[in-house]
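Each chain, written out:
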Amino acid sequence: MELVELRPELHLVRLSFAPVYLWRDGDTLTLIDTGIAAESGEIAAAIELLGLPTAALRTVVLTHCHQDHAGSAGELAAWPGVRVLAHRADAPVLRGEVPGPPPNFTPAEARLHRQVGAHLLPAAPPTRVDRELADGDTIEFGGGAVVVGTPGHTDGSIAVWLPAAGVLFTGDTVSNVGEPRFGVFHLDRPAAMASFRRLTELPVTLGCVGHGAPITEREWVTLREDGLPEA
Ligand SMILES: [Zn+2]
């Protein structure tokens, strides 16, 4: 685990496969995504490095149901006082009521999926979902966070926008592996492209992506022009 300060109130926690983000409002923490299964201990260690008790974590927001983002949600849901929030379309998958939809890879993505070892990741154990989100909902952190529905990567993918801070948590609709661009492994590629376009229209000074380093304001502007593949 590595803790990286992005802003005084925002830290990135680098875990084994995908980063998660801790937002601090006074003595209260909000976590965006949870890594793969069995990483709650690493998240606890990150919170302790911030000088806070693990009881400071009150809210866990999941950008989508994939195992590298929701893997430790069930463990964190067992912490006292933690509420888990996710879009209503991914909630049944997260609860383990229905299986996650099968992937829909392009040939290049199928190769990449094996290359990065994504096929070896443990399945996400089921988690409680305490609040089901919809597009336009607000979440009480960071001066008022806005849920932006971004269907396509999964049906219930969301981004979380903090207008006051200019920060956007993109989930896997946007990635920054190699370069800032459209993410990979989408269920519905045309829908994900439309969601991507919607996100690039937001005024963002820091794009906290599902994979890779955060995207700067300068890079964010170029996404609008250069971020999408040709087809
Ligand atoms: Zn994903």
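Everything here concerns the structure above.
Note that this is a predicted model, so its numbers are computed, not measured.

Rules used in this analysis
Residues numbered from 1 in each chain as written. Predicted model: local features only at pLDDT ≥ 70, side-chain atom pairs only at ≥ 80, totals over all residues. Heavy atoms only, no water. Donors = N, O, S within 2.8 Å, 3.2 Å for Na, K, Ca; no water. Helix = DSSP H or I, 4+ residues; strand = E, 2+ residues; numbered from the N terminus. Buried < 20%, exposed > 50% of the residue type's maximum accessible area, 1.4 Å probe, protein only. Arc of directions from axis to C-beta. Contact = heavy atoms within 4.5 Å.

Student: If you had to explain the coordination of the zinc ion to someone new, which residues and values would you point to?
Tutor: Of the protein atoms, only H64 (NE2), H66 (ND1), H153 (NE2) and D172 (OD) coordinate the zinc ion, at distances of 2.1 to 2.2 Å. Taken in chain order, the donor set of the zinc ion reads H-x1-H-x86-H-x18-D. With H153 in the loop between β9 (145-149) and β10 (158-162) and D172 in the loop between β11 (167-171) and β12 (174-177), the pair connects residues that are 19 residues apart, well separated along the chain. Considered together, H153 and D172 belong to a single accessibility category, that of buried residues.

Student: Describe helix α1 (residues 40-49), and please don't skip the residues or the numbers.
Tutor: Burial in α1 covers these residues: S40, I43, A44, A46 and I47. One face of α1 carries all of its buried residues, which in axial projection span an arc of 160 degrees. What points out from α1, more than 90 degrees from its buried face, is the exposed set E48 and L49. In this structure, the buried residues of α1 make contact with β1 (2-7), β2 (10-14), β3 (20-25), β4 (28-32), β5 (57-61) and α3 (73-77). Of the residues trailing α1, G51 is marked for its positive phi of about 80 degrees.

Student: Could you give an account of unusual backbone geometry, with specific residues and numbers?
Tutor: A positive phi angle, close to 70 degrees, is found at D33, a residue other than glycine. Residue placement: D33 occurs in the loop between β4 and α1. If you check the backbone angles, A38 has positive phi at about 70 degrees while not being a glycine. Structurally, A38 can be placed in the loop between β4 and α1. With a relative accessible area of 63%, A38 lands in the exposed category.

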